[in-house]
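Each chain is listed here by its residues.
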Amino acid sequence: MANSGTWLLVLRLCALLLFLEAKVFVLGGDDSNVQGGNTIDGSGGVSEICVNNDLASFMPPPYGNSSDIVCRPIWNTFVLRYTQTEDHVMNIILSAVYTTGWVGMGFSRDGLMVGSSAIVGWVNRKGHARIKQYYLQGSKSSQVIPDKGELPLTGIPATVVLHGPRIYLAFQLKFLAHLSRQPLILAVGSGYPKHNNHLTKHTDKTTIKFDFSAGSASEAPSDFGQMKKNHGILAIFGWGIIIPLGAIVPRYFKHKDPLWYYLHSIIQFVGFVIGLAAVVLGQKLYNKIDANFQTHRAIGIFVLVLIILQILAFFLRPGKDAKIRKYWNWYHHWFGRFAIFFAAVNIVLGINIGAAGIEWKISYGFFLSGILIAVIVLEVLARMRRTENKNMPPNFQMNPVP
């Protein structure tokens with residue numbers, strides 16, 4: 001059993017983990033880190049276009065009613081007007097300077113493009129106005145699906161109006177509750193939608209957080225993409241590659257005693273540190289984007305707990321002759337296998353959630369296949385070795401000494 005020095009080391013490890021977790025919530029849990037500072041609308045001043053707010057002269061009802069409308073510039077030439085009633089009905093009018101192509105605004109759960117729903121409007125070459133809802137299933141143009149989406153549109157028709165140099169997209173939504181802070185994706189494309197209303201690739205886009213209660217917008221952090229990549233890389237190398245490689249050592253190299261033990265311990269500790277970094281970065285990203293990926297998060301925490309229990313098992317390892325050594329072996333082996341299995345499941349789930357693309361799936365599949373092939377080869381060699389040892393005749397002496 002562990003002595004007092006070992007217990008002190010265990011307590012220090014637990015304290016370190018608690019400190020890192022607390023640090024994550026300090027960094028990512030306070031929305032003021034996202035909302036504070038650089039507001040797009042400055043000190044609340046309203047541009048000249050919002051002062052000249054005569055919508056009734058060219059917008060159909062109910063969008064022309066400007067008595068209680070809120071008007072805010074939000075990005076480049078984009079201006080957002082909206083009203084929100086007590087029964088959570090919102091009239092939204094988005095305008096921007098327009099020449100050709102399309103203009104769109106997406107509603108996102110987490111600030112990411114993938115999984116959001118958008119309203120897109122344009123005036124085609126024949127002068128016909130078009131407005132449609134799109135579901136952004138992926139990051140490629142082919143994955144932006146027309147006439148799909150999750151926006152709660154009402155029976156009031158959406159409309160597009162070209163007035164002067166600006167295009168106006170107007171639509172009505174009815175929510176179940178009052179809409180306050182909402183990540184919005186703003187985009188513009190210079191090319192007209194193609195056959196069957198498939199959008200061309202955007203020429204510019206941004207993500208903001210808009211507070212519909214206060215009528216203020218703030219720039220969303222722009223490092224989501226890099227943070228997602230770093231989180232995925234750390235998770236794949238820590239949980240998906242190094243930990244499984246470390247698990248191979250004690251199964252197939254125990255005849256290299258005590259080298260196998262030190263290799264196993266060092267490799268698993270390195271994998272744990274890299275995997276822990278992935279968890280810390282993932283928690284920070286989760287809080288920054290207000291994500292709602294409960295399954296991915298829960299499995300990640302479960303894997304972390306299993307690995308921590310494996311680290312504790314290292315310090316609490318009983319002697320070879322101890323009666324509980326057999327049960328300790330069962331616990332250590334099966335908890336490790338569960339951790340490796342659920343880590344692999346969560347990596348695949350994370351690749352799908354992040355819409356990382358086929359390249360990430362191929363890369364992880366290549367690493368995973370390499371590990372599986374190595375395990376199969378080592379298992380065959382181990383069985384052949386055991387068969388040879390079993391078939392060898394026992395050693396005996398021709399002339400035993402009495």
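Computed from a predicted structure; not experimentally measured.

Some thoughts on the pattern of salt bridges
Two side chains with opposite charge may pair up if their charged atoms get near one another.
Link 1 in the chain: Summed over all chains, the structure comprises 3 salt bridges.
Link 2 in the chain: The salt bridge involving D147 is made with K132; its shortest N-O contact spans 3.2 Å. In this pair, D147 is assigned in the loop between β7 (144-146) and β8 (159-163) and K132 in strand β6 (residues 129-136), connecting sequence segments 15 residues apart.
Link 3 in the chain: With relative accessibility at 52%, the residue D147 sits in the exposed group.
Link 4 in the chain: For the salt bridge of R251 with E379, the shortest nitrogen-to-oxygen distance reads 3.3 Å. Taken as a pair, R251 in helix α4 (residues 224-252) and E379 in helix α8 (residues 358-391) lie far apart in primary sequence, 128 residues in all.
Link 5 in the chain: Of the residues examined, R251 reaches a relative accessible area of 51% and is grouped as exposed.

Topic: helix α7 (residues 325-353)
Link 1 in the chain: Over its 29 residues, α7 extends 41 Å from the first C-alpha to the last, a length consistent with the 42 Å expected when each residue adds 1.5 Å.
Link 2 in the chain: Of the positions making up α7, those classed as buried are R325, W328, H332, G336, A339, A343, N346, I347 and I351.

Structural notes on the confidence of the model for the protein chain
Link 1 in the chain: Averaged over all residues, the pLDDT of the protein chain equals 80, while 80% of them reach at least 70.
Link 2 in the chain: For residues 17-46, every residue scores under 50 in pLDDT, and the model assigns this stretch 49 contacts once sequence neighbours within four places are set aside.

Observations regarding the nonpolar core
Link 1 in the chain: Counting residues in hydrophobic clusters, the biggest one holds 41 residues, and the most contacted among them are I74, L80, I92, M105, F107 and F210.
Link 2 in the chain: Among the elements that make up this core, the one with the highest residue count is strand β5 (residues 117-123) (5 residues).
Link 3 in the chain: What F107 contacts, discounting residues up to four positions off in sequence, is I92, S116, S117, L151, F171, L173, L179, Q182, P183 and L184.
Link 4 in the chain: A235, I299, L304 and I307 belong to the second largest nonpolar core, which has 18 residues in total.

What about the packing of aromatic side chains?
Link 1 in the chain: According to the stated counting rule, one finds 16 aromatic pairs in the structure shown.
Link 2 in the chain: Measuring from centroid to centroid gives 6.0 Å for Y261 and F314, while their planes differ by 20°, and the two rings are stacked. Placement of the pair is Y261 in helix α5 (residues 259-288) and F314 in helix α6 (residues 294-315), with a sequence separation of 53 residues.
Link 3 in the chain: Counting every residue linked through ring pairs, the aromatic cluster contains W260, Y261, Y262, F314 and F315.

The rules we used
- Residues numbered from 1 in each chain as written.
- Predicted model: local features only at pLDDT ≥ 70, side-chain atom pairs only at ≥ 80, totals over all residues.
- Heavy atoms only, no water.
- Salt bridge = Lys/Arg side-chain N within 4 Å of Asp/Glu carboxyl O.
- Helix = DSSP H or I, 4+ residues; strand = E, 2+ residues; numbered from the N terminus.
- Buried < 20%, exposed > 50% of the residue type's maximum accessible area, 1.4 Å probe, protein only.
- Expected span 1.5 Å × (residues − 1).
- pLDDT = per-residue confidence, 0-100.
- Contact = heavy atoms within 4.5 Å.
- Core = buried A, V, L, I, M, F, W, Y, C linked by side-chain atoms within 4.5 Å.
- Phe/Tyr/Trp six-rings, centres within 6.5 Å; stacked < 30°, edge-to-face > 60°.

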